[in-house]
Amino acid sequence: MENIINDKVVSFFASVNPAFIFLIIFFVGLALFWRGSVESRKERSSVFDIFFISSFFSLFISRIMFIVNNWSLFSGYIWYWLPYEKYGDTVYFFRLLPWRFFNIFDGGIEIFVMFVSFILFATFAVVVIKKWRWKDMFYVIFFSAESMLSLAFLFSGLSNGNIEWVNQSGVLLIPVVLIFLINGMFKKRGNEGRISLAVFVIFLINISSAYILYIYIGKESSVVDIIFAAIFLLWLILATIFRIKDERKSTLTIERVSSVRTVSPLEINQPIKVKK
């Protein structure tokens, strides 16, 4: 009975249009990205701009890397200047080159490349273009990207009957759910809770990153996977260092401000006494 249910689940998800799956993953990532950004009072339109642009470029790069990794799937097709073919009453779209390169709805993308590319473009947009504080956006960028990676594993596992991918999806989703559940609990404890939250977030991100690298670095890893794994590892090291520096800077600023005694208006109006 269990095998029959599994076969039905696999056949159902295998028949689902990849475009629909892309939309679900996209909107879940957008919701988490927006939710984390508004907590630090970021401009709503800017939040959407960053997410849309980062998603577009990451999808574009992942498609290119898929073509590079699977050139044998494309080299057999002829080139034709129209994006469609018509044979009698039947019309086929985007089957020939170069139009086939842009048909991302065939499911041909590199998931890990898309994950790393999204993080890189979002980081560049946040730090360089918008000049927002890294402490506000570090966990927002990572966990929204991790949620999309987790859902990609989930749908891929369900459509291919790969239980290992489904299990990996669950492991990746745990930190995302955990951080959004306990975020408010830490903030209620004031400055001490803020520091504890920062330490906990950095810990979760590094543990999650180690697990992601563990998944993608193995005997069957392609050259593209290894290159992007190295890029991701470099980003993780630099992002963690700057996040710690930003936290220390914030702590020092709070201590300096709190050490200055406030002067009441009555004291300002008092005459200055000079000792003889």
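Please refer to the structure higher up on the page.
The shown structure was predicted, so the numbers you read here are calculated from the model rather than taken from an experiment.

**Side note on the overall build of the protein chain**
Point 1. Of regular secondary structure, the protein chain possesses nine helices and two strands.
Point 2. In the protein chain, the order of α-helices and β-strands from amino to carboxyl end is α-α-α-β-β-α-α-α-α-α-α.
Point 3. Per-residue burial over the protein chain gives 39% buried out of 276 residues.
Point 4. A separation of at least 24 residues holds for 68% of the contacts in the protein chain among residues at least 6 apart in sequence.
Point 5. In the form shown here, the protein chain has an accessible surface area of approximately 17,200 Å², with 68% of it arising from carbon and sulfur atoms.

**What about the side chain of serine 62?**
Point 1. Its location among the elements puts serine 62 in helix H3 (residues 44-69).
Point 2. Using a relative accessible area of 0% as the deciding quantity, one classes serine 62 as buried.
Point 3. Beyond its immediate chain neighbours, meaning those up to four positions away, serine 62 contacts Ile109, Glu110, Val113 and Met114.

**Some thoughts on the packing of aromatic side chains**
Point 1. In total, this model carries 22 aromatic pairs according to the counting rule given.
Point 2. Seen from their ring centres, phenylalanine 33 and phenylalanine 51 are 5.6 Å apart, and the 50 degrees between their planes marks the pair as tilted. A residue pair is termed long-range when its members are at least 10 positions apart, and phenylalanine 33 in helix H2 (residues 18-38) and phenylalanine 51 in helix H3 qualify at 18 residues.
Point 3. Phenylalanine 33 sits in the buried class, given a relative accessible area of 0%.
Point 4. Given the relative accessible area of 0%, phenylalanine 51 is considered buried.
Point 5. Their ring planes at 75 degrees and their centres at 5.5 Å tell us that phenylalanine 56 and phenylalanine 57 sit as a pair that is edge-to-face.
Point 6. Classification of phenylalanine 56 by relative accessible area gives exposed; the value is 54%.
Point 7. Taking relative accessible area as the criterion, phenylalanine 57 reaches 33% and is therefore assigned partly exposed.

**Details of the pattern of salt bridges**
Point 1. Taken as a whole and assessed by the stated rule, the structure comprises two salt bridges.
Point 2. Lysine 42 is paired through a salt bridge with aspartate 136; the nearest N and O atoms lie 3.1 Å apart. With lysine 42 in the loop between H2 and H3 and aspartate 136 in helix H5 (residues 134-160), this residue pair connects regions lying 94 residues apart in the sequence. In this structure, lysine 42 and aspartate 136 share a single accessibility class: buried.
Point 3. Bridged by salt links that share partners, the residues Lys42, Lys135 and Asp136 form one connected network.

**Description of the side chain of glutamate 110**
Point 1. Position of glutamate 110 relative to the elements: it lies in the loop between strand E2 (90-93) and helix H4 (111-129).
Point 2. Although glutamate 110 lies buried, it forms no salt bridge, and the closest oppositely charged side chain, arginine 63, sits 9.3 Å away as judged by the N-O distance.

**A short note on the packing of H2 against H5**
Point 1. It is the contact of H2 with H5, at a shortest axis distance of 9 Å, that shows an interaxial angle of 160 degrees. Regarding the angle of H2 to H5, the classification is roughly antiparallel. For the element pair H2 and H5, the recorded crossing hand is right-handed. Counting all contacts with H2, which are made through Ile21, Ile24, Ile25, Val28, Gly29, Leu32, Phe33, Gly36 and Ser37, the residues of H5 involved are Met137, Tyr139, Val140, Ile141, Ser144, Ser147, Met148, Leu151, Ala152 and Phe155.
Point 2. Per-class residue counts for the contact of H2 with H5 are 14 nonpolar, five polar and no charged.

**Observations regarding H2**
Point 1. Between the first and last C-alpha of H2 there are 30 Å, a value that for 21 residues agrees with the 30 Å anticipated at 1.5 Å per step.
Point 2. Buried within H2 we find Ala19, Ile21, Ile25, Phe26, Gly29, Leu30, Leu32, Phe33, Gly36 and Ser37.

**With respect to a nonpolar patch on the surface**
Point 1. A cluster of nonpolar side chains, Leu120, Val223, Ile227 and Ile231, forms an exposed patch at the surface whose accessible area comes to about 320 Å².
Point 2. For the nonpolar patch, the leading source of residues is helix H8 (residues 223-258), giving three residues.
Point 3. Along the chain, leucine 120 turns up in helix H4.
Point 4. The exposure class of leucine 120 is partly exposed, given its relative accessible area of 31%.

**Concerning H4**
Think of an α-helix as turning once every 3.6 residues; residues three or four places apart then point the same way.
Point 1. With 19 residues, H4 should reach 27 Å at 1.5 Å per residue; the first-to-last C-alpha distance of 26 Å fits that figure.
Point 2. By the burial criterion, the buried members of H4 are Phe112, Val113, Phe115, Val116, Ser117, Phe118, Ile119, Ala122, Thr123, Ala125 and Val126.
Point 3. Lysine 131 sits one or two residues past H4 and shows a positive phi near 55 degrees.

**Some details on the environment of valine 9**
Point 1. Following the sequence through the fold, valine 9 ends up in helix H1 (residues 2-15).
Point 2. In this structure the C-alpha to C-alpha distance between valine 9 and glycine 161, which are 152 residues apart in sequence, comes to 8.3 Å.

Rules and cut-offs
- Residues numbered from 1 in each chain as written.
- Predicted model: local features only at pLDDT ≥ 70, side-chain atom pairs only at ≥ 80, totals over all residues.
- Heavy atoms only, no water.
- Helix = DSSP H or I, 4+ residues; strand = E, 2+ residues; numbered from the N terminus.
- Buried < 20%, exposed > 50% of the residue type's maximum accessible area, 1.4 Å probe, protein only.
- Contact = heavy atoms within 4.5 Å.
- Areas by Shrake-Rupley, 256 points an atom, 1.4 Å probe, with all protein chains shown as cover.
- Phe/Tyr/Trp six-rings, centres within 6.5 Å; stacked < 30°, edge-to-face > 60°.
- Salt bridge = Lys/Arg side-chain N within 4 Å of Asp/Glu carboxyl O.
- Lys, Arg positive; Asp, Glu negative; His and termini not counted.
- Axes fitted to C-alpha atoms, helices over the stretch in contact; angles between N-to-C directions.
- Parallel < 35°, antiparallel > 145°, perpendicular 65-115°, else oblique.
- Left-handed = near helix turned anticlockwise from the far one by under 90°.
- Nonpolar A, V, L, I, M, F, W, Y, C, P; charged D, E, K, R; others polar.
- Expected span 1.5 Å × (residues − 1).
- Patch = residues over 30% accessible without salt bridge, like charges linked within 9 Å, V, L, I, M, F, W, Y side chains within 5 Å.

Honestly, that's just the spatial picture; any functional story needs more than this.
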